[in-house]
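Observations on chain architecture
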Amino acid sequence: MIEKKNYRFCFEIGAGIIILISVLWGYLPEPEKINEFTCISNSAASISLFVSGVLTAFFDKKLNHMIYGTILVALMFVFLVCLISLFGQYNMNFRGAYFFLHVLNPFLLLLYYLMFVKENKSANRYDVFVMPAFAMLYLVYDYVQGIIDGSFVYGFLEPSEMTFMYTLLAFIISYTALLFLSILIKLINRTLHFKFNSKQ
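Below, the structure is looked at part by part. Owing to the predicted nature of the structure, the values given are computational and were not obtained by experimental measurement.

**Here we look at unusual backbone geometry**
- The phi torsion at Asp60 lies on the positive side, around 55 degrees, for a residue other than glycine.
- For Asp60, the position within the fold is in the loop between helix H2 (37–59) and helix H3 (65–85).
- Relative accessible area serves as the criterion here: at 38%, Asp60 is assigned to the partly exposed category.

**Focus: the nonpolar core**
- Formed by 46 residues in total, the largest nonpolar core has its most connected members in Leu72, Leu109, Tyr112, Tyr113 and Ile185.
- It is H3 that contributes the most residues to this core, 12 residues altogether.
- Residues within four places of Leu109 in sequence aside, it is in contact with Ala45, Leu49, Ile71, Leu72 and Leu75.

**Quick look at H3**
- Taking 1.5 Å per residue as the helical rise, H3 with its 21 residues ought to reach 30 Å, and the 30 Å between its terminal C-alpha atoms agrees with that figure.
- Of all 21 residues in H3, 16 are buried, a share of seventy percent or more.
- Its side-chain oxygen placed 2.8 Å from the backbone nitrogen of Met66, Asn64 serves as the N-cap of H3.

**Observations regarding the side chain of Glu12**
- For Glu12, the location among the structural elements is in helix H1 (residues 2–27).
- A residue is classified by how much of its surface remains accessible, and Glu12, at 0% relative accessible area, is buried.
- Of the polar contacts made by the side chain of Glu12, one reaches the backbone nitrogen of Gly53; its length is 3.3 Å.

**Describing the packing of H2 against helix H4 (residues 97–116)**
- Following both chains from N to C, one finds H2 and H4 inclined at 30 degrees, their axes separated by 11 Å at the closest point. The hand of the H2/H4 crossing is left-handed. Within the contact between the two elements, H2 uses Thr38, Asn42, Ala45, Leu49 and Ser52 and H4 uses Leu101, His102, Asn105, Leu109 and Tyr112.
- In terms of residue class, the contact of H2 with H4 is built from five nonpolar, five polar and no charged.

**Side note on the side chain of Glu36**
- Position of Glu36 among the secondary structure elements: in the loop between H1 and H2.
- In this structure, Glu36 is buried with no salt-bridge partner, the nearest side chain bearing the opposite charge being Lys33 at 4.7 Å.
- Excluding anything up to four places from it in sequence, Glu36 contacts Tyr27, Tyr138, Val153 and Tyr154.

**Some words on the packing of aromatic side chains**
- Considering all chains together, one arrives at 14 aromatic pairs under this definition.
- Ring centres of Phe37 and Phe134 lie 5.4 Å apart, and the angle between their planes is 75 degrees; this geometry places the pair in the edge-to-face category. Here Phe37 is found in helix H2, whereas its partner Phe134 is found in helix H5 (residues 133–149), with 97 residues between them in sequence.
- Overall, Phe134 belongs to the partly exposed group, its relative accessible area being 21%.
- Each member of the aromatic cluster is reached from another via a ring pair, and the members are Phe37, Phe77, Phe134, Tyr138 and Tyr141.

**A closer look at a nonpolar patch on the surface**
- Together, Leu80, Leu83, Ile84, Leu86 and Phe87 make up a nonpolar patch on the protein surface, roughly 520 Å² of accessible area in all.
- Take Leu83: it is sitting in helix H3.

**With respect to the pattern of salt bridges**
- Taken as a whole and judged by the stated rule, the model has three salt bridges.
- Across the pair Arg8 and Glu12 runs a salt bridge whose closest N-O atoms are separated by 3.7 Å. A residue pair is termed a helical-turn pair when its members lie 3 or 4 positions apart in one helix, as Arg8 and Glu12 do in helix H1 at four residues. Accessibility classification places Arg8 together with Glu12 in one group, the buried group.
- Residue Asp60 is joined to Arg8 by a salt bridge in which the shortest nitrogen-to-oxygen separation is 3.5 Å. A residue pair is termed long-range when its members are at least 10 positions apart, and Asp60 in the loop between H2 and H3 and Arg8 in helix H1 qualify at 52 residues.
- Owing to a relative accessible area of 8%, Arg8 belongs among the buried residues under this scheme.
- A network of salt bridges, in which partner residues are shared, links Arg8, Glu12 and Asp60.

Reading the values: the criteria
Residues numbered from 1 in each chain as written. Predicted model: local features only at pLDDT ≥ 70, side-chain atom pairs only at ≥ 80, totals over all residues. Heavy atoms only, no water. Helix = DSSP H or I, 4+ residues; strand = E, 2+ residues; numbered from the N terminus. Buried < 20%, exposed > 50% of the residue type's maximum accessible area, 1.4 Å probe, protein only. Core = buried A, V, L, I, M, F, W, Y, C linked by side-chain atoms within 4.5 Å. Contact = heavy atoms within 4.5 Å. Expected span 1.5 Å × (residues − 1). Polar contact = N/O pair within 3.5 Å; in protein donor to acceptor, adjacent residues only side chain to side chain. Axes fitted to C-alpha atoms, helices over the stretch in contact; angles between N-to-C directions. Left-handed = near helix turned anticlockwise from the far one by under 90°. Nonpolar A, V, L, I, M, F, W, Y, C, P; charged D, E, K, R; others polar. Lys, Arg positive; Asp, Glu negative; His and termini not counted. Salt bridge = Lys/Arg side-chain N within 4 Å of Asp/Glu carboxyl O. Phe/Tyr/Trp six-rings, centres within 6.5 Å; stacked < 30°, edge-to-face > 60°. Patch = residues over 30% accessible without salt bridge, like charges linked within 9 Å, V, L, I, M, F, W, Y side chains within 5 Å. Areas by Shrake-Rupley, 256 points an atom, 1.4 Å probe, with all protein chains shown as cover.

Structure, rendered in structure tokens:
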């Protein structure tokens, strides 16, 4: 138990530092872009890992699994949006810090989630419906500020193109995709921990 606690603490602090450095590296030169979801979701991941490190070191506790889950879904959403950009529909930055922010950091948090956050069947089965909340709240924010300012944060679409039905459909599709992503993450977590426990 002590050994696992030490591994968890080292991972939390190490991963937290890596993610924080990549955020500072990417966004200090361009502070006007800190409202991008890449910056917000990575910052949330770094903060959660540092808080977890403190809880691990002094209290041998972890944050609620839902905090990790919602942030992880957000980071994987960032990764998938960037992955889709490789098909040429739009351009995303993969250079320098953004390779960490868009690719490595999501999988760093995924690795932590699979190793140290145990999703069991006794957990609330409806938690999965809440896991997309972080990403969905950002989409709402982006939509509202786009209507007010006349442009969305990432500029994939123009606010003038977003009719009520189009907006409603976009939010339904986004939530459904994030929900399936949440279910997949939970399923992988439970499968891995079940197999690990069955071998003990």
